Amino acid sequence: MSENAFFSQFHSVRLQEDTCKGCTICVTGCPVEAIRVRTGKAHILEERCIDCGECIRHCPSKAKYSLSASIDELDAYERRAALITPSIYGQFNMHYSKKQIHEAFKSLGFTDVYDVSEDALVISRATAYLISHEKNLPKPLISSSCPTVIKLIEVRFPSLLDNILPLLPPVELTARRARAELEKQSGNVGVFLIAPCSAKITVARSPVGYDKTAMDGAFAFDKLYLPLVTSLRRMRGDEKQTAKKIAEELQAIETLTPEEREAKIPKVAKFYTDAPDGLVWGRESGEAEYVAHFLAHPENFNWITSCGIQQIIETLEAIEDGQMSQYDFAELDACVGGCINGPLMIKPSSEGLAVMRNRVRFSNVKADKKINDDVVPDIKTISLTKQISPRPARQLADNFATARKMMQRIEDIVLQLPGLDCGSCGAPNCRALAEDIVKRKATLEDCVTIMKSRYEELLFGK
């Protein structure tokens, strides 16, 4: 099964050429115009791709997929850690507890499971501290937890790079914690992220804002879902059988007192649930809500949230224009609803959100107390260590005069095109085709309407 040559260190979206039908649905659906169809197959423009995974979500032929580690890779390590992000817990029904979910991952070959939710709270606390004590920070601070948003800012909004929260994403904190703890027990340690999206898989290979990651790889969650559910159902069945057997034994032993019976019957088959603290980070507004929780005066905290690439672009444009300087914090999630709706998730976002909501509602776990001014978070340890640089994908040329001429030619070509934005040419719209023509990556005859007029002129002299 052949694949295209898009094997970048900086992206994790892949194309299966044998499956691709060149239908252009991914072309017109890409929010950053990063896909073209040429010679009947889709091609991803590396300089524009932000790993949002929308092409994976919408491709009817399932030709797009995300790079993922293989279970066989775990064999190379003595200790194998799985990093579970908050959104993952929303993918399993309520009657499976956090402990059972962790055991299911261990049944696949992992020896240790780490909850990213714990480190999400560390970032929330540090964010609250920065907002409270650093008066010269740009407004609003933009969350650094979504790598797709950071890449979008690199490509289209480089003037907002300084607005990005200068803290590591929670997954990196968890990876470093796992590696530090496990290396005390064994020098041969593998740390793997269970990712809800292709962007987070890329972070495990090529981080943004810091030089080196503590992760050895990442698994696409959709590749693990079936064996995980199978393992959980097996556990559930074993629990029911155990409880039934003990109940039958107790029924036959009438001499036991009620207290003795209660002590002998395990609670394995009893309905229960639990939720890791920081779970709501996995949904829209969750991060901002926890930041507010850690502030001494949350009533003064002004924040906004935005989900989905198109809405995020509108929000970033408003921030760039200076229209949102009254806000302290902006939580931007590339996926509508938050990470719970990542392109590598299985359940519909509505169900995942309901599960997460119920896990929190029925849990006795509560967030930590409000931030104590006497306790200063170790900001330096959890800060970004590398400057995030612009990635000007739309730049026509290094020389201004040349770029200006190219822009004028683009405008001239646009006037010749029909303006239908149908995508039949393999570009997302007529202006994108004009840009491709100027860059010598396409021709005017790629437009179906113009090609039709050429044939008519040739055949009928029109």
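Details of the structure are given in the entry above.
Residues numbered from 1 in each chain as written. Predicted model: local features only at pLDDT ≥ 70, side-chain atom pairs only at ≥ 80, totals over all residues. Heavy atoms only, no water.

Caption draft 1: Structural detail: the pairing of strand 5 (residues 79-84). Across the 6 residues that make up strand 5, a large majority, 6, are buried. Neither face of strand 5 is open: one carries Arg 79, Ala 81 and Leu 83, the other Arg 80, Ala 82 and Ile 84, and all of them are buried. Of the strand pairs in this sheet, strand 5 and strand 8 (residues 189-195) are connected by 6 bridges, and their pairing is parallel. From the neighbouring strand, Arg 80 faces strand 8, where its bridge partner is Gly 190. Bridge count for strand 5 against strand 6 (residues 112-115) is 4 bridges, and the pairing is parallel. Directly across from Leu 83, in strand 6, lies its bridge partner Tyr 114. (Buried < 20%, exposed > 50% of the residue type's maximum accessible area, 1.4 Å probe, protein only. Helix = DSSP H or I, 4+ residues; strand = E, 2+ residues; numbered from the N terminus. Pairing = 2+ DSSP bridges.)

Caption draft 2: Quick peek at the sheet that holds strand 6. Read from one edge to the other, the open sheet built from 4 strands follows the order 6-5-8-9, with strand pairing classed as parallel. Of all strands in the sheet, those with a lone pairing partner are strand 6 and strand 9 (217-220), marking the two edges. On average, adjacent strands in this sheet sit at an angle of 30° to one another, irrespective of strand direction. Of the strand pairs in this sheet, strand 8 and strand 9 are connected by 4 bridges, and their pairing is parallel. Bridge assignment links Ile 194 to a residue of strand 9, and that residue is Phe 219. (Axes fitted to C-alpha atoms, helices over the stretch in contact; angles between N-to-C directions.)

Caption draft 3: Looking closely at the sheet that holds strand 11 (residues 329-333). Spatially, 3 strands are ordered 7-11-10 in an open sheet, and the strand pairing comes out parallel. In the strand order of this sheet, the two ends are held by strand 7 (141-142) and strand 10 (303-307), each with one partner. Note that strand 7 and strand 11 share 2 bridges and pair parallel. Among the inter-strand pairings, Leu 141 is bridged to a residue of strand 11, identified as Phe 329. Along the sheet face, helix 10 (residues 286-294) touches strand 10 and strand 11 and points at about 155° away from the line of strand 11. (Contact = heavy atoms within 4.5 Å.)

Caption draft 4: Just the pairing of strand 3 (residues 41-44), in detail. By the alternation rule, side chains of strand 3 split into Ala 42 and Ile 44, which are all buried, and Lys 41 and His 43, of which none is buried. The pairing of strand 2 (residues 35-38) with strand 3 spans 4 bridges and is antiparallel. Bridged to Ile 35 within strand 3 is Ile 44.

Caption draft 5: The arrangement of the environment of Val 355 in detail. You can see Val 355 is positioned in helix 12 (residues 349-361). With relative accessibility at 7%, the residue Val 355 sits in the buried group. In this structure, the C-alpha to C-alpha distance between Val 355 and Tyr 89, residues 266 residues apart in sequence, is 8.1 Å.

Caption draft 6: How the structure looks around empty space enclosed by the protein. Evaluation of the coordinates by the stated rule reveals 6 cavities of 30 Å³ or more. Of the pockets and cavities examined, the largest cavity occupies roughly 210 Å³. Around the largest cavity sit 18 residues that line it, and Pro 86, Ser 145, Lys 200, Trp 281 and Cys 339 are the ones nearest its centre. Secondary structure elements with two or more residues in the lining of the largest cavity: helix 4 (116-133), helix 6 (170-183) and strand 11. (1 Å grid on protein atoms, 1.4 Å probe; cavity = no way out; pocket = protein on both sides within 12 Å on 5 of 7 lines; lining within 4 Å. Points joined across faces, edges and corners; volume = space filled by probe spheres on them.)

Caption draft 7: Representation of the packing of helix 13 (residues 400-416) against helix 14 (residues 430-438) in the model. Two elements in contact, helix 13 and helix 14, have axes whose closest approach is 9 Å; the angle formed by their N-to-C orientations is 130°. Compared by their axis directions, helix 13 and helix 14 come out oblique. Crossing geometry of helix 13 relative to helix 14 is assigned as right-handed. Counted together, Met 406, Arg 409, Ile 410, Glu 411, Ile 413 and Val 414 of helix 13 and Arg 431, Ala 434, Glu 435, Ile 437 and Val 438 of helix 14 form the full contact between these two elements. For the contact of helix 13 with helix 14, the class distribution of residues is 7 nonpolar, no polar and 4 charged. (Parallel < 35°, antiparallel > 145°, perpendicular 65-115°, else oblique. Left-handed = near helix turned anticlockwise from the far one by under 90°. Nonpolar A, V, L, I, M, F, W, Y, C, P; charged D, E, K, R; others polar.)

Caption draft 8: Molecular detail of a nonpolar patch on the surface. Judged by side-chain polarity, Tyr 455, Leu 458, Leu 459 and Phe 460 come together as a nonpolar surface patch covering roughly 530 Å² of accessible area. Within the element layout of this structure, Leu 459 appears in helix 15 (residues 448-460). (Patch = residues over 30% accessible without salt bridge, like charges linked within 9 Å, V, L, I, M, F, W, Y side chains within 5 Å. Areas by Shrake-Rupley, 256 points an atom, 1.4 Å probe, with all protein chains shown as cover. Salt bridge = Lys/Arg side-chain N within 4 Å of Asp/Glu carboxyl O.)

Caption draft 9: Summary view of unusual backbone geometry. The step from Lys 139 to Pro 140 runs through a cis peptide bond, and the omega angle for that step is -10°. Structurally, the position occupied by Pro 140 is in the loop between helix 4 and strand 7. One non-glycine residue, Asp 51, lies in the positive phi region at around 60°. Take Asp 51: it is sitting in the loop between strand 3 and helix 2 (54-58). The phi dihedral of Lys 62 falls on the positive side, at around 55°, and the residue is not glycine.

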